[in-house]
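Understanding the architecture of this molecule
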Amino acid sequence: MAAPLNYPEYAALAPTVALALTALLVLVVDMIDPGKPQRLLLAGLSMVGTLVSMGFAAWFFAAGTGAEEAIVLFGDQLVVDQMSLFFALIFTSVTALVIAASYDYLHDHSYQAEFYSLMLFAATGMTLMASANGLAVAFVSLELASLPSYALVAFLKKNKGSVEAGLKYFLIGALSSAVFAYGISLVYAVSGSLQFDAVAAAISGGVGDQVGVLGLGILMVLGGFAFKTASVPFHFWAPEAYEGAPAPISGFLSSASKAAGFAVAFRTLTVAFPVASAGAFGVDWVLAAQVLAVVTMTLGNFAAATQDTVKRMLAYSSIGHAGYAFIGLAALTAGGSNGFVVGASIIHLFMYGFMNTGAFVFVALVEHWGIGRTFEDYNGLSTKAPVACVAMTVFMFSLAGLPPFGGFISKYVLFWAAIGNGFWWLAAIGAINSALSLYYYSRVVKALWFEEPNGNLEDFEVTQPVGIYAALTAAAVATVVLLPALGLFSGSVTEATVSLFTP
Amino acid sequence: MMIEALIALCLLGSLAAFLAPNRVSGKLAFLASLLPLGGSIWLYSGFENVGNALLTDQQLAYESTIAWATVGGYDLSWHVGLDGISLPLVVLTTILTSLAIVSAWTPIDERQSQFYGLVLFLEAALLGVFSALDFFVWFIFWEAVLVPMYFLIGVWGGPRRKYAAIKMFVYTNVASLAMFIGFVALVFGLNVTTFDMPTIAQALQANDFATDYVLLEFVDVETLKLAAFATMFFGFAVKVPVVPLHTWLPDAHVEAPTPVSVLLAGVLLKMGTYALLRFNFTMLDEVVLTNDVVAFAIVAIGVVSVIYGAMLALAQSDLKRIVAYSSVSSMGYVILGLAAYTTFGLGGATFQMVSHGLISGLMFMTVGVIYNETHTRMVGDISGIADRMPLTVGVFVAGAFGYMGLPLMSGFAGEFFVFKGAFASSTQLAFGSMQLFTALAMFGIVIVAGYLLWAMQRTLFGEFRLETDYEVSRAPVHDVLPIMTLLGLVIVFGVAPELFFEMIRESVDPILELGGGA
């Protein structure tokens, strides 16, 4: 268990600790003079803390921490390896973008400190989800990520839509938490353990007549993940929550929170219930994941094609992308190059973090300008704000899987990995969905560039809020640069996930 | 590093044109496009051919390889290089881009800097398509072509531009996805750990398949190859396009502004046939040569495209639509030549790509020049323009004769090579013989002559009449110069086809040595 860095092993948790400390610090700073919230100070502090955390994650990832052998902490409850570090990188990069965008979005709201602190706590929970090495930690960290999210969705207290969205999100979240916890208890009943590897060891020799209990347990655990990743059948909170929530928070939930759900799902399912013997668990979770992947991507894409408002379209598109990412769990087969499949899915989530958050930041910008929500309201916007529209075009094309953007390469690598494991039909369904998605993504592009402006732009003065523009630019640059920069992380990520499949 | 420099020049030019004010952007873009044009001619002059890019073991001309990424155990790299098949297409691309930019000065009268920026970006992507030798790099360029094209049609196009743009977008994207799945499913079966196209081609030729590949548990190697061939053929055929996958093309052509039509017909369609030659007819040549049903299907598709495309052209009354459908017809000859598997068949097909690029570019540009003055393209609306625009009409007539295959023009050389190659072919067809189909295809020329002569008679000659209020006068010099240049090139390559044909021949012969053909 030698750490490659010359620090104590618990130093490997630095990304998580940095986020948690910043969250607390933000609250403390706000207490000094609670009557007069220092917008810039609070946002700046949160940003610095997030960047520090990102820096740690990137440094450790590049240094190969946990690459040889994962660092296991606190009586095997937490594990830090290349996969968890890369996920920390995903969460912190999304959080940084969202903080920058929120600075302008929240300019006349009270409870600034609470907002940033809740977001940072949620991010802390997400990094723990990626590190969870047992079902108990998985549950607790999932709740730590979820509870602040409920409050964040309902943050616009005077906005009916926001409050309703928060309530809906909370109710379905509570339900699926219950399902998840019950599933954990069933698995515990059969295996007598909560540690992933101990569970795997306990059930490896067969579980006799308890196979039905185990199967039900696995299915319920999968349901918990489906909620967190906004996948069918626990997806219907997503369009409401994403539409009602403040736009930066929609980006945060649909990018980071979704990635966190996949992070914990990858580790739980592949380590605790090994693919090789998935058929012996009463319910073949790989088969279940295949069904979920196909249904989720198809439903998300078809529903997205029929929306009138851009934000809701993005919400359904995010469900569709959950379906693509689910290929990481669906295209697994005993003896195949499974590490590559999971790694491809993680790379897609990484790219998705930038392009999807960027798209929601653009929506935040349009909401900030107050020029409407529908596709028609976006007509001719490029005549007024070309730079922002270029960025939005980059995001749309990248989401649709067109080059020269990051989303192109990650989507094709994902299909490629699926084909490599023999799941050409899964890739084909993904491809059909991807072609369909071109239709509704290009609707935004068409509105921005092809259409004549509507009346709503006549006496509209373009303002350029610094934070939102910075977030847009950063996300757009990242979306473009990550294509040529693929080589910096693709090898490590697709190798890191191999260890999930080697007991 | 010459190819990288060429692409970088295009991208820098694109950026400069994009940032320049509308007023000067066109001139600036033209100057910027001269750099890659000069560069490509420099490439041509210093070119040393070493055979076929996919099959040779030697260092290719202007080859360079830079490791890019490792994904799931496969190495991806930036790998570019040119052989006698790709170099002519690179030269064609740079020539047509420069001329298309000049021809855009008159018709493009709004958002110029965005327009020229996109055109130069398109050029960069096209150069990448023709020079990339790593599948993923190639595929990035291949798909990247769609993005500028979508905007060029959607923003500056005609009344139904939005429909045409999205139709082109979705059609070709679906095709690319199918092709991707087919190709990747094939590559995974091979004992390779790279997406380097030469490595893959040589592994395929050596039949070096992995025994433990998941798909091979269900199907045998032959079926896998056939399935890959079919999906890839579908993917590329949409781009070419062949009947019955051609319906996006007339819409895109008619709605696109003239300079974009020029690039679409002149270069973009060649991407499809170029890829067919590289992937289907080089890597998987065995499928055509051993399976006479496949060979029959391909030849039939080619001949149907020739005849049916020409018939459709005959039925049109929009000059631009006539030229657009005749592209479908001309590309049918390319398919026929490829399936023949002879030196003159493959070489003629490649030569026809270049020749058709020049001639169709010429025709679209000339129709555009006429439209700039008359503001109509309908055959019934105008007649006798020869009185008012003698020079332009002269070029149009000359170009039309090039299309019909008049000797000493490049169209003659291209079609003659294809027919010569196809007649000599020993490709076995399941029904009928190659020679019979070739004879059938030759009738296409008669129809081409028919509709072009008929259309010219009605619009160019006779008494001047125009059912609009525009004052028709001679076209400005910068409209006429590009078409004169193209006409000159058509004649040069008609008189001296060996300028390109020699290098093409050296690069297609290795394909024939693989087995099969004469």
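Computed from a predicted structure; not experimentally measured.

**A look at the overall build of chain A**
Secondary structure summary: chain A contains 18 helices and two strands in total. Taking 2.2 N^0.38 as the reference for a compact globule, 503 residues should give roughly 23 Å; the C-alpha atoms of chain A span a radius of gyration of 22 Å, in line with that estimate. Counting only C-alpha atoms and orienting by the principal axes, one finds that chain A spans roughly 70 × 55 × 40 Å. Counting all 503 residues of chain A, 64% fall into the buried class. Taking contacts inside chain A between residues at least 6 apart in sequence as the whole, the part at least 24 apart equals 80%. Accessible surface for chain A amounts to roughly 16,000 Å². Of this, 67% is attributable to carbon and sulfur atoms. Where the 16 positive side-chain charges of chain A centre and where its 27 negative ones centre are 9 Å apart.

**Things to note about the overall build of chain B**
When helices and strands are counted, chain B shows 20 helices and four strands. Expressed as a percentage of the 518 residues in chain B, the buried residues total 67%. When contacts within chain B are restricted to residue pairs at least 6 apart in sequence, long-range pairs at least 24 apart make up 79% of them. Each charge class in chain B can be summarised by its mean position, and for the 20 positive and 37 negative side chains these summaries are 14 Å apart.

**Topic: the nonpolar core**
Ranked by size, the top nonpolar core spans 413 residues in total, and within it Phe-87, Phe-273, Phe-362 and Trp-416 of chain A together with Phe-135, Trp-138 and Phe-195 of chain B carry the most contacts. At 21 residues, helix 13 (residues 338-369) of chain A tops the list of elements feeding residues into this core. When near neighbours in sequence (up to four residues on either side) are disregarded, Trp-138 of chain B contacts Val-129, Ala-132, Met-179, Met-197, Phe-236, Tyr-274, Ala-275 and Phe-279 of chain B.

**Some thoughts on the pattern of salt bridges**
Residues and elements named next belong to chain A. Summed over the entire model, instances satisfying the criterion amount to 16 salt bridges over all chains. As a salt-bridge pair, Arg-312 and Glu-243 come within 2.8 Å of each other at their nearest N and O atoms. Taken together, the residues span a long stretch of sequence, with Arg-312 in helix 12 (residues 310-330) and Glu-243 in helix 9 (residues 237-244) at a distance of 69 residues. You'll find Arg-312 and Glu-243 in the same group, each marked buried.

**Some thoughts on unusual backbone geometry**
Backbone torsion omega between Val-232 of chain A and Pro-233 of chain A reads 5°, so that peptide bond is classified as cis. Along the chain, Pro-233 of chain A turns up in the loop between helix 8 (211-228) and helix 9. In this chain, Val-240 of chain B is followed by Pro-241 of chain B through a cis amide linkage whose omega measures -15°. Take Pro-241 of chain B: it is sitting in the loop between helix 9 (221-239) and helix 10 (248-255).

**Quick word on the packing of helix 5 (residues 135-144) of chain B against helix 6 (residues 146-156) of chain B**
Residue and element names in this part refer to chain B. Where helix 5 meets helix 6, the axes come as close as 5 Å, and the angle between the chain directions of the two elements is 5°. The angle between the axes of helix 5 and helix 6 places the two elements in the roughly parallel class. Across the interface between the two elements, Trp-142, Glu-143 and Ala-144 of helix 5 pack against Leu-146, Val-147 and Pro-148 of helix 6. Taken together, the residues of the contact of helix 5 with helix 6 break down into five nonpolar, no polar and one charged.

**Examining the interface of chain A and chain B**
At the interface, 38 residues of chain A touch 39 residues of chain B. Summed over both sides, the interface of chain A with chain B buries roughly 3,400 Å², with 79% coming from carbon and sulfur. A per-residue breakdown of the area chain A buries against chain B is headed by Tyr-412, Trp-416 and Phe-450 of chain A, which together make up 24% of the total. At the junction of chain A with chain B, the criterion picks out one salt bridge. Among the ionic pairs, Glu-451 of chain A bridges to Lys-162 of chain B, the shortest N-O distance being 3.1 Å. Taken together, chain A and chain B are joined by eight residue pairs in polar contact (both at pLDDT 80 or more).

**A look at the layout of surface pockets**
Counted as a void, the largest pocket has a volume near 1,600 Å³. In terms of lining residues, the largest pocket is bounded by 46 residues, among which Pro-404, Phe-405 and Val-480 of chain A together with Leu-11 and Phe-121 of chain B are the most central. Of all the elements in the fold, those that place two or more residues in the lining of the largest pocket are helix 14 (386-400) and helix 17 (466-481) of chain A together with helix 1 (2-19), strand 1 (61-71), helix 4 (112-131), helix 5 and helix 6 of chain B. In terms of residue count, helix 1 of chain B provides more of the lining of the largest pocket than any other element does, nine residues in total. Residue classes in the lining of the largest pocket are distributed as 39 nonpolar, five polar and two charged.

**Observations concerning helix 2 (residues 39-63) of chain A**
Residue and element names in this part refer to chain A. Counted at 1.5 Å a residue, the expected span for helix 2 with its 25 residues is 36 Å, and the 36 Å between its end C-alpha atoms agrees. For helix 2, the elements touching its buried residues are helix 1 (14-32), helix 3 (82-105), helix 4 (112-131) and helix 18 (490-496). Positioned one or two residues after helix 2, Gly-64 has a phi angle of 85°, which is positive.

**Topic: the packing of helix 1 of chain A against helix 2 of chain A**
Residues and elements named next belong to chain A. One way to put it is that helix 1 packs onto helix 2 with a least axis distance of 8 Å and a crossing angle of 170°. Of the possible angle classes, the one that applies to helix 1 and helix 2 is roughly antiparallel. Two secondary-structure elements touch here, helix 1 through Ala-14, Pro-15, Ala-18, Leu-19, Thr-22, Leu-25, Val-26, Val-29 and Asp-30 and helix 2 through Leu-41, Leu-42, Leu-45, Ser-46, Gly-49, Thr-50, Val-52, Ser-53, Phe-56, Ala-57 and Phe-60. In terms of residue class, the contact of helix 1 with helix 2 is made up of 14 nonpolar, five polar and one charged.

**A few points about the environment of Glu-498 of chain B**
Secondary-structure assignment places Glu-498 of chain B in helix 20 (residues 498-513). Taking C-alpha positions, Glu-498 of chain B is 21 Å from Phe-130 of chain B, a pair spaced 368 residues apart along the chain.

**Observations concerning helix 15 (residues 343-374) of chain B**
All names here are of chain B. Taking 1.5 Å as the rise per residue, helix 15 with 32 residues should run 46 Å; its terminal C-alpha atoms sit 45 Å apart, in good agreement. Across the 32 residues of helix 15, 30 count as buried, placing the element largely inside the fold. Within two residues after helix 15, His-375 carries a phi angle of roughly 60°, on the positive side.

**What to know about the packing of aromatic side chains**
Residues and elements named next belong to chain B. Enumeration according to the criterion identifies 83 aromatic pairs over all chains in this entry. Ring geometry for Phe-115 against Trp-156: centres 5.2 Å apart, planes inclined by 80°, an arrangement best described as edge-to-face. With Phe-115 in helix 4 and Trp-156 in helix 6, the pair connects residues that are 41 residues apart, well separated along the chain. On the basis of relative accessible area, Phe-115 is assigned to the buried category, the value being 1%. Directly above the aromatic system of Trp-142 lies the positively charged group of Lys-239, at a separation of 4.8 Å from the ring centroid.

**With respect to a nonpolar patch on the surface**
Residue and element names in this part refer to chain A. The grouping of Leu-147, Leu-167, Phe-170 and Leu-171 at the surface amounts to a nonpolar patch, some 390 Å² of accessible area in total. Here the nonpolar patch gets three residues from one element, more than from any other, and that element is helix 6 (residues 160-191). Summarising the element assignment, Phe-170 is placed in helix 6.

**Digging into the environment of Val-137 of chain B**
Residues and elements named next belong to chain B. Turning to its location among the elements, Val-137 is positioned in helix 5. Between the C-alpha atoms of Val-137 and Val-80, which are 57 residues apart in sequence, the distance is 8.9 Å. When residues no more than four places from it in sequence are discounted, the contact partners of Val-137 are Trp-68, Ser-77, Trp-78 and Ala-132.

**Let's talk about the pairing of strand 2 (residues 74-82) of chain B**
Residue and element names in this part refer to chain B. Within strand 2, seven of the nine residues are buried, which leaves it mostly tucked inside the rest of the structure. Pairing between strand 1 and strand 2: eight bridges, direction antiparallel. Directly across from Ile-66, in strand 2, lies its bridge partner Trp-78. Taken together, strand 1 and the strand that follows it, strand 2, pair antiparallel across an intervening segment of two residues, in which Gly-72 is found at a positive phi of about 55°.

**Things to note about the environment of Ala-303 of chain A**
Its place among the elements puts Ala-303 of chain A in helix 11 (residues 285-305). Through-space distance from the C-alpha of Ala-303 of chain A to that of Leu-426 of chain A is 20 Å; in sequence the pair is 123 residues apart.

**Quick word on empty space enclosed by the protein**
Residue and element names in this part refer to chain A. In the structure shown here, the tally under the stated rule is seven cavities of 30 Å³ or more. There is about 60 Å³ of room inside the largest cavity. Elements supplying a minimum of two residues to the lining of the largest cavity: helix 1, helix 3 and helix 4. In terms of residue count, the dominant contributor to the lining of the largest cavity is helix 3 (three residues). In terms of residue class, the lining of the largest cavity is built from six nonpolar, four polar and no charged.

Calculation rules
Residues numbered from 1 in each chain as written. Chains lettered and ligands numbered in written order. Predicted model: local features only at pLDDT ≥ 70, side-chain atom pairs only at ≥ 80, totals over all residues. Heavy atoms only, no water. Helix = DSSP H or I, 4+ residues; strand = E, 2+ residues; numbered from the N terminus. Rg over C-alpha atoms; globule rule 2.2 N^0.38 Å. Buried < 20%, exposed > 50% of the residue type's maximum accessible area, 1.4 Å probe, protein only. Contact = heavy atoms within 4.5 Å. Areas by Shrake-Rupley, 256 points an atom, 1.4 Å probe, with all protein chains shown as cover. Lys, Arg positive; Asp, Glu negative; His and termini not counted. Charge placed at Lys NZ, Arg CZ, Asp CG, Glu CD. Core = buried A, V, L, I, M, F, W, Y, C linked by side-chain atoms within 4.5 Å. Salt bridge = Lys/Arg side-chain N within 4 Å of Asp/Glu carboxyl O. Axes fitted to C-alpha atoms, helices over the stretch in contact; angles between N-to-C directions. Parallel < 35°, antiparallel > 145°, perpendicular 65-115°, else oblique. Nonpolar A, V, L, I, M, F, W, Y, C, P; charged D, E, K, R; others polar. Buried area = accessible area lost by both parts, 1.4 Å probe. Polar contact = N/O pair within 3.5 Å; in protein donor to acceptor, adjacent residues only side chain to side chain. 1 Å grid on protein atoms, 1.4 Å probe; cavity = no way out; pocket = protein on both sides within 12 Å on 5 of 7 lines; lining within 4 Å. Points joined across faces, edges and corners; volume = space filled by probe spheres on them. Expected span 1.5 Å × (residues − 1). Phe/Tyr/Trp six-rings, centres within 6.5 Å; stacked < 30°, edge-to-face > 60°. Lys NZ or Arg CZ within 6 Å of the ring centre and 35° of its normal. Patch = residues over 30% accessible without salt bridge, like charges linked within 9 Å, V, L, I, M, F, W, Y side chains within 5 Å. Pairing = 2+ DSSP bridges.

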